[in-house]
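Examination of the molecular architecture
One-letter residues, chain by chain:
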Amino acid sequence: ARTMPVRAASSSRWVLGSPRRREVAVGAKGKKGGKKANGIGDGVASNFEDSFEPRAVAFDASTAMHLQNGAVQEVEFLQDPKEIDLEVLSRAETQIPVLQQAPGPMVPAQRENVQLQAYLNPLPRVLLLHTGGTLGMDPNQSYVEDSPGSVHMKEGTGGHYPAEESLQPGEVLSDLLTSVPELTNFAHLDVNIVFNMDSCRLGPKQWVQLAKLLDKERNNYDAFLIVHGTDTMSFTAAALSLMLKGFKKPIVLTGSQLPLAMPRSDARQNLIDSITCATAASIKNPLSRYPVHFEEVAVCFGGKLMRGNRTRKVHSSMYSAFDSPMYPHLAELGVEVEWNHHQLLKAQHDVYQPRFKLNTNVIRIPIVPGVDPRKAYGDLYGRGVRGVVLEVFGVGNMPDNNAHGWLPWLKQQRKKGLLVYLCSQCSAGNLHPELYRSGSVALNMGVESGKQMTPECAVIKMMFCLEYSDIPLSQPIAGEL
């Protein structure tokens, strides 16, 4: 392709490309307001004739303003390079790329342009569910600056979260797209404020609320993002994966270690990575280079996409806060997005059957040498506990002398009806309790075991299987085993 200067609306800028090709552009602004905010994003899709690959397109301020007012224009390069000129022809039926811009207040005429943009540029539709966490904190009220670039959270506060009633989805969407305008290149984004709290306060009630909301919106969107605090993100991901088996659309959880409004925040990159992965499977995504069969609950954090129910928080302060020690990453994001296609969940034949009940009478117990469970835990069943995730040594070993108390205690509790599942204290590796005397005795008592699950997922699955007794703990549901 040749490089040539062209004239456009008193512009002295350059357009790079072939003199025989044409392209079309239209501008449209975002939308905000209402309980759920809708943002029709700025696409980066072009409609060129065959075999043309543009190098760059630049517009001056007057041209940009003309495009922002919603006019559909066609830019045609004349065939004779000696008669370089630019014709601007009105054409309403053409498709777009659009200019990148921050969202702002809209007048009625611009709202009509938003609807036209959605029709002409059918990007994937993505719903972002905001639940709270560090990403949305007020940095001025939450952090103290030690030195330039170095901050710490105000002691005793846990961060400041604006009251839910003061958060308007339209304003959140506007702030989000102002901070991360690249999101509009991937999807038409809507925002729903579900709640706004520290993730340590999230539990089964909120998991069920999220699952029901996702079920309600399932047919309205191509993918879903969940902004979540890091402390319990793995628990929420595991719960959603089990309750929404066969959902068959991407649900990506993400967050950050620093608020979005802070200069060194990791929030911006995590959001871009998350929407990159969430829309990769959509045929509407112009940036997707090949089909990706990604249709599961996942966590995207620190440049890695991981299966949600295999994920653990492994660092309290580093940007790579999450990992999947017992399962390969689904994708790694750098200059390229390197998908691990063979590790993606194969759910195409699963029947979607949402289940929204969890029994919270569950406890995790690590086996500690020298601790007698008869004294430390006593009659758990008699106190209302119905399930125990027992964290054993290595591949499934535990103290086997009666004096240690573990086997007699298990026998007593199993007779009363306590459900017990073995989980290793190791961060990776398979379980084989049958290799040891203690493990074999436990299995004969009816203690369940199987392939290794993370402790976070194991306790959620215990809650799930107590409500749905037809599903064994050792039966895979959503790739957790």
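Keep in mind it's a predicted model, so treat the numbers as computed, not measured.

1. Here's the deal with the sheet that holds strand E20 (residues 362-366)
Reading across the sheet, the three strands line up as E20-E21-E22 and stay open at both edges, with parallel pairing between neighbours. One side of each edge strand has no neighbouring strand; the edge strands of this open sheet are E20 and strand E22 (419-424). Taken pair by pair, the neighbouring strands of this sheet meet at an average axis angle of 20 degrees, ignoring direction. Across six bridges, the pairing between strand E21 (residues 387-392) and E22 is parallel. Across the sheet, the residue bridging to Leu 390 is Leu 422, located in E22.

2. Quick word on the pattern of salt bridges
This model, assessed by the stated rule, comprises 13 salt bridges. Linking Asp 372 and Arg 374 is a salt bridge whose minimum nitrogen-to-oxygen distance equals 3.0 Å. According to the relative accessible area criterion, Asp 372 is buried, its value standing at 17%. In this structure, the salt-bridge partner of Asp 379 is Lys 416, at a minimum N-O distance of 2.7 Å. Note that Asp 379 is positioned in the loop between helix H8 (373-376) and E21 and Lys 416 in helix H9 (residues 406-416), a separation of 37 residues in sequence. Judged by its relative accessible area of 37%, Lys 416 falls in the partly exposed class.

3. Overview of empty space enclosed by the protein
Any empty space left between the atoms is revealed when a probe the size of a water molecule rolls over them. The full count for this structure, using the stated rule, is four cavities of 30 Å³ or more. As a volume, the largest cavity reaches approximately 130 Å³. Contributing to the lining of the largest cavity are 19 residues, with Ser 241, Glu 296, Val 297, Leu 345 and Ala 478 lying nearest its centre. For the lining of the largest cavity, a count of residues per class yields eight nonpolar, four polar and seven charged.

4. Comments concerning helix H6 (residues 233-243)
Along H6, ten of the eleven residues are buried, which leaves the element largely enclosed by surrounding structure. Looking only at H6, the buried set comprises Met 233, Ser 234, Thr 236, Ala 237, Ala 238, Ala 239, Leu 240, Ser 241, Leu 242 and Met 243.

5. Things to note about the packing of aromatic side chains
In total, this model carries eight aromatic pairs according to the counting rule given. Residues Phe 247 and Tyr 352 carry aromatic rings whose centres are separated by 5.7 Å and whose planes lie at 80 degrees to one another, so their mutual orientation is edge-to-face. Here Tyr 352 lies in the loop between strand E19 (337-339) and E20 and Phe 247 lies in the loop between H6 and strand E13 (251-254), a separation of 105 residues in the sequence. Each member of the pair, Phe 247 as well as Tyr 352, is classed as buried. Between Phe 464 and Tyr 468, the ring centres sit 5.0 Å apart and the planes meet at 45 degrees, which makes this aromatic pair tilted. Using a relative accessible area of 1% as the deciding quantity, one classes Phe 464 as buried.

Thresholds, definitions, all that
Residues numbered from 1 in each chain as written. Predicted model: local features only at pLDDT ≥ 70, side-chain atom pairs only at ≥ 80, totals over all residues. Heavy atoms only, no water. Pairing = 2+ DSSP bridges. Helix = DSSP H or I, 4+ residues; strand = E, 2+ residues; numbered from the N terminus. Axes fitted to C-alpha atoms, helices over the stretch in contact; angles between N-to-C directions. Salt bridge = Lys/Arg side-chain N within 4 Å of Asp/Glu carboxyl O. Buried < 20%, exposed > 50% of the residue type's maximum accessible area, 1.4 Å probe, protein only. 1 Å grid on protein atoms, 1.4 Å probe; cavity = no way out; pocket = protein on both sides within 12 Å on 5 of 7 lines; lining within 4 Å. Points joined across faces, edges and corners; volume = space filled by probe spheres on them. Nonpolar A, V, L, I, M, F, W, Y, C, P; charged D, E, K, R; others polar. Phe/Tyr/Trp six-rings, centres within 6.5 Å; stacked < 30°, edge-to-face > 60°.

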